Amino acid sequence: MVQSWQRWNQASRKWLWILVIVGIIASIPVIYQRVETESSANKVEIVFNYRGLVEISNYQANPAAYMNEQLDRLKEAGITTMALFESSLDEYQKTRRIMLLSEADIAKFNKTVVSSNSNYTYIAFTNEDNEKQLRPVIEEAFRELGVAVGPWEYEGRPGLVLQMSPDEALLKPMPIDKMAFSMLQDKGFIILPRLSDNIPYDQAAMDEELQYFADHGVNRILFDGEAVKGFQDNEKMNSLQGFAELLNQYHIGIATIENLKAPQKGFNKLAYLVDYNVVRLHSLADLEASQPVDTLADRFALATKDRNIRMIYLNASPAKDAAKAAITNPIDNLIHSLQEPGNAIQRIQDNGFELGQAEAFHVYDASWQKYLKALVVLGGVAMIALLISCFIAPVTLAAFVLGLIGSAGLYVLKPTLMEQALALFVAISAPTIAVVLAIRKVNEVSDTKTMLPNSKRLAHTLVLYVKTAVISLSAVPFVITLLNNITYSLVLNQFRGVSLLHLGPILLIAIYVFLYQGESVWKELNRWLKMRITLLWVVVAAVLGVVGLYYLSRTGNSGSLLPGEATFRSVLENTFGVRPRNKEFLLAHPLFLAGIFAAFRYRWALYAMVIAVMGQLSMVDTFAHIHTPAVLSLIRGLLGLGLGVIVGLIAILIWHIIERCWDKWSPRLLKP
């Protein structure tokens, strides 16, 4: 019975590989539709924060003239859109359309003392046109907040008095300033409204506002604050559904901001309700706007090419420069980054994009995909079973059957979790299997006790390099197909377990190299456990621990770069158009080549595979970044393999020289 079970497990590996191949073939049409989706929207919209420009203009000797001049410059520089926030008394004051006075100001004006019984806000309009436009807006906004509003005069000029403190009144949002809206449109700008959820949701008022937007060419809005419009009132009013219906009615989409600390509340639900009429937006913070021109240009070009960004949002604000004894701003720097010498816009266009109103991706998701995904799931479970067979061969069939049962159960309970878990374990399995098979091949050749000539060692090494890469990349079709959903491309949903992907294959290969190279696992484990621990071991373990923590920190977006690495990355990007990963072509791939070459003569060199597997898993991890176009990820991986061969051959040459020197001089050095 035991022998029969062993035969079944042995024979099952062939069928498991066949299932893997079937899964890869089934994934091809799905991958094709993913590529079609990624190429369906190529317009990039460059947005400038109008509120920041108001702040900067407020420090100028002639604010109106300065504002007009800068708007013309920004338009000529290639900025297509102005972001308009909901208005406020503060903004009206900075644009010189109202004067805002406190009780203290009124007391000085009347030559009296400040009253202790009132702390009102007094508003004087600077001309008749401003009064005509703004009086009804201010009255309606504050009366809806329950604030008493009455008439008031200042030097014969009409005004309003609000029974609210100036500090609080300045914070209250009001509808978007239609005078500024019209002025910016006359300048040729598209308007990107920014809506907050700071006041109670009103379906009728929102209907009127969105109709106005649609009539004036607005096709997308951006939310301001930590929640989307209508989120706070959703439980009692179902306001997100109502808001989504209005957005769909007026064909207005929404934008999601990249790399927020926390997603805006209600955004995912609203995105679903508007059928993912969503584009990704990259925001440049005020403090970052003064970075070097080339740095900004690289950032904008990479955002659009590498991360499916279709809106670039520029913030700018005034700053006090004590050294120059002046109020400075980054507008010139931003213009130079977009035009000469940064040439960000030209680089964006050279990458196949055009300036214009950003469009959401057209999602290609045919109904037949679900049937192909079923075959992909079958192949994915087979891949995981093959990994288990590398370490515990007798449970191969059991692992496959249990994997199918577990996948079916997860699909019923949480299909998204099933897809992510299966994609993660396949991504771990393929690179691990690939390197294990490479190690076995080296051992198989070495067991012949035949000393290979250097030419055959090199040939075997290069063949193993290609075979290992192909097996590792076999995980890619599974990852793409299982995570083929627009929510991943828009980063509304994220692939989980990246740290496990970066650590899992390394630990598994370490176990294989250290425990599976002797007579038995238990004897090797016993030998390692009985080995004396020296101070050198402790130091090495500490160093490896620090290196490991740094390595894991680099798996996210917050990892710190090494000195000069940013410049080196820029050189690679500008040289090849796509930046290969440094750890692949500078470390892992060359180490694999040199390690395998050396291992054909010195088997202990297989310990290098513990680090070399990083290159294999990194290639797969590249495709786990679903917001990066699949074609670009493929180019990045192949480029890393190609450059890795060049660096690896240099490493092999150096090792060969060391071998020759050792062969020549070791007899004399070891002679008693």
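Structure shown above.
Residues numbered from 1 in each chain as written. Predicted model: local features only at pLDDT ≥ 70, side-chain atom pairs only at ≥ 80, totals over all residues. Heavy atoms only, no water.

A. Representation of the overall build of the chain within the structure. Along its length, the chain carries 28 helices and 14 strands. Taking the principal axes of its C-alpha atoms as reference, the chain extends roughly 110 × 60 × 50 Å. Approximately 33000 Å² of the chain is accessible, and the part contributed by carbon and sulfur atoms is 60%. Here the chain holds 61 positive side-chain charges and 60 negative ones, and the gap between their average locations is 17 Å. (Helix = DSSP H or I, 4+ residues; strand = E, 2+ residues; numbered from the N terminus. Areas by Shrake-Rupley, 256 points an atom, 1.4 Å probe, with all protein chains shown as cover. Lys, Arg positive; Asp, Glu negative; His and termini not counted. Charge placed at Lys NZ, Arg CZ, Asp CG, Glu CD.)

B. Molecular detail of the pattern of salt bridges. This structure, assessed with the given rule, holds 22 salt bridges. Notably, a salt bridge pairs E359 with K43, separated by 3.5 Å at the nearest N-O pair. Of the two residues, E359 is situated in the loop between β14 (354-355) and α16 (369-391) and K43 in strand β1 (residues 43-49); the sequence distance between them amounts to 316 residues. On the basis of relative accessibility, which here comes to 26%, the residue K43 falls in the partly exposed class. For E258, the salt bridge identified is with R280, shortest N-O distance 3.6 Å. In this pair, E258 is assigned in the loop between β9 (253-257) and α12 (267-273) and R280 in strand β10 (residues 278-284), connecting sequence segments 22 residues apart. Overall, the relative accessible area of 11% leaves E258 in the buried class. Here R280 falls in the buried class, since its relative accessible area comes to 4%. Each of the salt bridges in this network shares a partner with another, and the network as a whole consists of E55, D90 and K94. (Salt bridge = Lys/Arg side-chain N within 4 Å of Asp/Glu carboxyl O. Buried < 20%, exposed > 50% of the residue type's maximum accessible area, 1.4 Å probe, protein only.)

C. Quick peek at the sheet that holds strand β5 (residues 149-154). Pairing is antiparallel across the open sheet formed by four strands, whose spatial order is β3-β4-β6-β5. Among the strands making up the open sheet, the edge pair consists of β3 (98-101) and β5. Direction aside, the axes of adjacent strands within the sheet are offset by 30 degrees on average. Taken together, the four bridges between β3 and strand β4 (residues 121-125) define a ladder with antiparallel strand orientation. Paired with L100 across the two strands is I123, which belongs to β4. (Pairing = 2+ DSSP bridges. Axes fitted to C-alpha atoms, helices over the stretch in contact; angles between N-to-C directions.)

D. The arrangement of the side chain of T487 in detail. On the secondary structure map, T487 appears in helix α21 (residues 486-489). The class for T487 is buried, based on a relative accessible area of 12%. Discounting chain neighbours no more than four positions away, the residues touching T487 are Y276, L492 and N493. (Contact = heavy atoms within 4.5 Å.)

E. Spatial organisation of helix α11 (residues 239-249). Turning to α11, its buried residues number three or more, namely S239, L240, G242, F243, A244, L246 and L247. Summarising the contacts, the buried residues of α11 are in contact with β7 (190-195), α9 (203-215), β8 (220-223), α10 (234-237), β9 and α12. Looking at the residues trailing α11, positive phi occurs at H251, about 55 degrees.

F. Structural context of the packing of helix α18 (residues 415-446) against helix α27 (residues 609-624). Closest axis-to-axis distance for the α18/α27 pair is 9 Å, and the angle between their directions is 140 degrees. By the criterion of interaxial angle, the relationship of α18 to α27 is oblique. When the axes of α18 and α27 are compared, the crossing they make is right-handed. For the pair formed by α18 and α27, the contact residues are A427, P431, V435 and I439 on the first element and M609, V613, Q616, L617 and V620 on the second. Residue composition of the contact of α18 with α27, by class: eight nonpolar, one polar and no charged. (Parallel < 35°, antiparallel > 145°, perpendicular 65-115°, else oblique. Left-handed = near helix turned anticlockwise from the far one by under 90°. Nonpolar A, V, L, I, M, F, W, Y, C, P; charged D, E, K, R; others polar.)

G. Just the layout of surface pockets, in detail. What the second largest pocket holds in volume is close to 850 Å³. Along the wall of the second largest pocket there are 29 residues; nearest its centre are E140, M174, P175, A205 and E209. Breaking the lining of the second largest pocket down by element, the ones donating at least two residues are α6 (128-144), α8 (178-186) and α9. Of all the elements, α6 adds the most residues to the lining of the second largest pocket, at seven residues. A per-class count over the lining of the second largest pocket returns 18 nonpolar, one polar and 10 charged. (1 Å grid on protein atoms, 1.4 Å probe; cavity = no way out; pocket = protein on both sides within 12 Å on 5 of 7 lines; lining within 4 Å. Points joined across faces, edges and corners; volume = space filled by probe spheres on them.)

H. Structural context of the nonpolar core. In this structure, L422, I439, I509, I596 and M609 are the most contacted members of the largest nonpolar core, which totals 75 residues. Per-element tally for this core: the top contributor is α18, with 16 residues. Beyond its immediate stretch of four places on either side in the chain, I596 contacts V442, T461, L464, L606 and M609. Residues A77, F181, Y250 and L492 belong to the second largest nonpolar core, which totals 68 residues. (Core = buried A, V, L, I, M, F, W, Y, C linked by side-chain atoms within 4.5 Å.)

I. A look at a negative patch on the surface. Where like charges cluster on the molecular surface, the negative patch consists of E140, E144, D202 and E208. With respect to the helices and strands, D202 occurs in the loop between β7 and α9. On the basis of relative accessibility, which here comes to 37%, the residue D202 falls in the partly exposed class. (Patch = residues over 30% accessible without salt bridge, like charges linked within 9 Å, V, L, I, M, F, W, Y side chains within 5 Å.)

J. Spotlight on the packing of aromatic side chains. Evaluated as defined, the whole model comprises 16 aromatic pairs. Arranged with centres 5.8 Å apart and planes meeting at 85 degrees, the rings of F391 and Y512 form a pair that is edge-to-face. Linking F391 in helix α16 with Y512 in helix α22 (residues 498-515), this pair joins segments that are 121 residues apart in sequence. Considered together, F391 and Y512 belong to a single accessibility category, that of buried residues. Both rings, one in W604 and one in W655, keep their centres 6.3 Å apart while their planes meet at 75 degrees; by these two values the pair is edge-to-face. In this pair, W604 is assigned in the loop between α26 (582-599) and α27 and W655 in helix α28 (residues 630-670), connecting sequence segments 51 residues apart. The exposure class of W655 is partly exposed, given its relative accessible area of 22%. Taken together, the ring pairs in this structure connect Y201, F223, F243 and F267 into an aromatic cluster. (Phe/Tyr/Trp six-rings, centres within 6.5 Å; stacked < 30°, edge-to-face > 60°.)

K. Seen up close, the packing of α16 against α18. One way to put it is that α16 packs onto α18 with a least axis distance of 8 Å and a crossing angle of 45 degrees. On the basis of their axis angle, the class for α16 and α18 is oblique. The element α16 and its partner α18 pack so that their crossing is left-handed. Contacts from V377, G380, V381, M383, I384, L386, L387, C390 and F391 in α16 reach M418, L422, F425, V426, S429, A430, T432, I433, V436 and R440 in α18. For the contact of α16 with α18, a count of residues per class yields 15 nonpolar, three polar and one charged.

L. Geometry of the pairing of β4. Of all five residues that make up β4, five are buried, and the element is covered over most of its length. Alternating residues of β4 divide into T121, I123 and F125 and Y122 and A124, and every residue in both groups is buried. Relative to strand β6 (residues 157-162), β4 runs antiparallel, the two sharing four bridges. Paired with I123 across the two strands is L160, which belongs to β6.

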